Amino acid sequence: MNQTKRDGFTSTFGVLVATLGSAVGLGNIWKFPSLTGANGGAGFLLVYLIATLLVGLPVMIVETMLGRAARANAVSTFERVAPRGQPGWQAVGWMGFAAALLIMAFYSGVAGWVYAYIFKAISGEIATTDPKVAAAVFGSLVSNPVSSLLWQWVVLGITGSIIMMGVAKGIEAVARKLMPLLFILLLVLCARSLTLPGAMPGLTFLFSPDFSKITPAVLLTALGLAFFKLSIGMGTMLTYGSYFRDDQNIPATTTRVMLADLSVSLLAGIAIFPAVFAFGFEPAAGPSLVFMTIPAVFTAMPGGTVFMTIFFILTAIASVGAILSLLEVPVAILSERFGFGRKRASLYTILAIALLGVPAALSQSLSAEWKVFGMNPFDLFDFLSSNLLLPLGGILICVFVGWVYGFPELEKQLGNRGTLHNAWLVKTVFFLIRFVTPLSIAAVLLHGLKVF
Ligand code: PHE
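Predicted model only: the values in this text are computed from it and were never measured.

What counts and what doesn't
Residues numbered from 1 in each chain as written. Predicted model: local features only at pLDDT ≥ 70, side-chain atom pairs only at ≥ 80, totals over all residues. Heavy atoms only, no water. Helix = DSSP H or I, 4+ residues; strand = E, 2+ residues; numbered from the N terminus. Buried < 20%, exposed > 50% of the residue type's maximum accessible area, 1.4 Å probe, protein only. Contact = heavy atoms within 4.5 Å. Salt bridge = Lys/Arg side-chain N within 4 Å of Asp/Glu carboxyl O. Near = heavy atom within 4 Å. Polar contact = N/O pair within 3.5 Å; in protein donor to acceptor, adjacent residues only side chain to side chain. Areas by Shrake-Rupley, 256 points an atom, 1.4 Å probe, with all protein chains shown as cover. 1 Å grid on protein atoms, 1.4 Å probe; cavity = no way out; pocket = protein on both sides within 12 Å on 5 of 7 lines; lining within 4 Å. Sits in = over half its atoms within 2 Å of the grid points. Phe/Tyr/Trp six-rings, centres within 6.5 Å; stacked < 30°, edge-to-face > 60°.

What follows covers the environment of L314. Relative to the helices and strands, L314 is located in helix 14 (residues 304–338). For L314, a relative accessible area of 6% corresponds to the buried category. In the structure, L314 is positioned 191 residues away from S123 in sequence and 18 Å away in space, judged by C-alpha atoms. When sequence neighbours within four positions are dropped, the list of residues in contact with L314 reads L178, L181, L182 and L185.

Take a look at the structure:
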């Protein structure tokens, strides 16, 4: 394939913003607070932080590196960089393909709730600080099969059209503009939440760890969240890396994205938990937590309705950046490997997700009792992707780069062929991905799945 013809990001800044656009999404605003609340607060946060630094960042660096080295989709990348006679590595790309569809099946549903909440904010329906009223509004949305499905399809329609327009034009343009606004609005929310009477217990919950709550299952959930948050272990960063410029400093860019992403999550946590305790919400409410507490904080401040509306609009937009990067994995595989045009590849991907999305969207209604391992389809898709496929993909990527791809190539790629002077850093990354990272993932995975 002619490399110069591949679509790509047009500037170094564009790369940073698009990669950040992939990382920041409902994972920060919705998943991080829900999981932190459900898993006991500060202890979970601590494990999540360690997982992000020791496991997430190294995987992110080498995954992005592989994509740029091969300049191809997640499957073809392994075809190009793996030694002849080892075609099995392409399975890592196919696992990413599966993970992308599974994640999209529930993620698009949650994005649909966010879209619906834009209108609920405008109508004033969610302007309440009463946990009972808030729970009833959320419950009536998610337990209605028709509205759950329709909102999910709206999300798929919008993001599907954006992805058809191509990488540079579609993704970059959307991602560039709106991230800073969301950040500012989160800061405002934090200020209000922290000044509510009774806010302190929320901060204690978030920052003062109770180590007895850290069980093997909690460890696995935190690890899964670290992968999910950084969009790694499933080919998203690999695919985005394939659009990186040759002079892009991969370790520096990924570290910045990781730090920015972490700050958004922490802000979301500080915006939410003080309010949870001040208003008497249940921290372990799960997926509904954010949809109840965020409106409550806005309701408790002047101009609440307007800000609340803007907040849900911005969250919807943040979800777009993440969704585009999820879709990009299958779309790039289908168009580059099967010769489909980009439009056709996008259409097939969206259709597959719409199908898989039905049981996920109906998990609070018609398919609530379709349980596998005790989980409804929504929870099952989340578990299979975040807690299984992503960590497994992470191990395989580390083993591949550490033991097959090797140090000389890694050094060439991460040092931009000798133009960056980062030998110590490359050595550290190499050591981590050879031993520390894959072994820690394996230990947490086997432990969390109760294999030993
Ligand atoms: N990181 C995104 C978020 O937090 C979700 C995502 C996962 C995107 C995996 C791409 C790949 O919302």
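Moving on, we come to the pattern of salt bridges. Opposite charge on two side chains permits pairing when their charged atoms draw close. Enumeration over the complete set of coordinates arrives at nine salt bridges. Two residues, E79 and R337, come together in a salt bridge whose shortest N-O distance is 3.2 Å. With a gap of 258 residues between them, E79 in helix 4 (residues 74–81) and R337 in helix 14 connect regions that are remote in the sequence. A salt bridge links D247 to R245; its shortest N-O distance comes to 3.0 Å.

Moving on to the site of the ligand. If you check the shell around the ligand, you find 14 residues, and the closest are A23, G27, Y107, F228 and K229. Interatomic distance of 3.2 Å between a backbone N/O atom of S22 and a nitrogen atom of the ligand. One of the backbone nitrogen or oxygen atoms of A23 is found 3.0 Å away from a nitrogen atom of the ligand. Look at the ligand: alone it shows 320 Å² of surface, and the protein chains cover 100% of it. Assessed atom by atom at 2 Å from the grid points, the ligand resides in the largest cavity. Elements supplying a minimum of two residues to the shell around the ligand: helix 1 (12–23), helix 2 (26–38), helix 10 (216–229) and helix 14.

Before going further, it helps to examine the packing of aromatic side chains. Summed over the entire model, instances satisfying the criterion amount to 27 aromatic pairs. Ring geometry for W89 and F400: centres 4.9 Å apart, planes at 65°, overall edge-to-face. Taken as a pair, W89 in the loop between helix 4 and helix 5 (90–123) and F400 in helix 16 (residues 377–405) lie far apart in primary sequence, 311 residues in all. With relative accessibility at 15%, the residue W89 sits in the buried group. Relative to F291, the ring of Y117 has its centre 5.0 Å away and its plane inclined at 65°; by these criteria the two rings are edge-to-face. Highlighted residues: Y117 in helix 5 and F291 in helix 13 (residues 289–299), separated in sequence by 174 residues.

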